[in-house]
Amino acid sequence: MCLAVPGKVLGVEERDGIRMAAVDFGGVVKEVCLEYLPDLQVGEYAIVHVGFALQRLDEESARRTLELFEDLGMLQEEFGDPWEQAAQVGDDRGREVR
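Below or above, wherever it landed, is the structure these notes cover. What you are looking at is a predicted structure, and each value in this text was computed from that prediction instead of being measured.

Topic: the pattern of salt bridges
In step 1: As enumerated under the stated definition, the model contains six salt bridges in all.
In step 2: Taking the shortest distance from any N to any O, the salt bridge between Glu13 and Arg15 comes out at 2.6 Å.
In step 3: With a relative accessible area of 41%, Glu13 lands in the partly exposed category.
In step 4: As a salt-bridge pair, Glu60 and Arg64 come within 3.8 Å of each other at their nearest N and O atoms. Taken as a pair, Glu60 and Arg64 lie in helix H1 (residues 59-71) at a separation of four residues, close to a single helical turn.
In step 5: The class of Glu60 is partly exposed, set by a relative accessible area of 44%.
In step 6: A network of salt bridges, in which partner residues are shared, links Glu13, Arg15 and Glu31.

Reading the values: rules and limits
Residues numbered from 1 in each chain as written. Predicted model: local features only at pLDDT ≥ 70, side-chain atom pairs only at ≥ 80, totals over all residues. Heavy atoms only, no water. Salt bridge = Lys/Arg side-chain N within 4 Å of Asp/Glu carboxyl O. Buried < 20%, exposed > 50% of the residue type's maximum accessible area, 1.4 Å probe, protein only. Helix = DSSP H or I, 4+ residues; strand = E, 2+ residues; numbered from the N terminus.

If you want it as structure tokens, here you go:
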């Protein structure tokens, strides 16, 4: 399932003429395009769908939605378990590449 998920902007940069942001989705950080919300700032929240920030959101609404998604297991379904992903990256680094 593909959800529109609220996330908090951690950092903003311009890459090849496109505003991009590091966005935190309840502990999972992803790169997001800000072209639809070019004035979005660090610390603000937005609804994100398929890598694009689509709508600004207040912090309380974002937190309630993230908590609901987490309770329903939808964040793990959408993003996976961040601890498991980190362990997998660590395992991959320890393996010899041939």
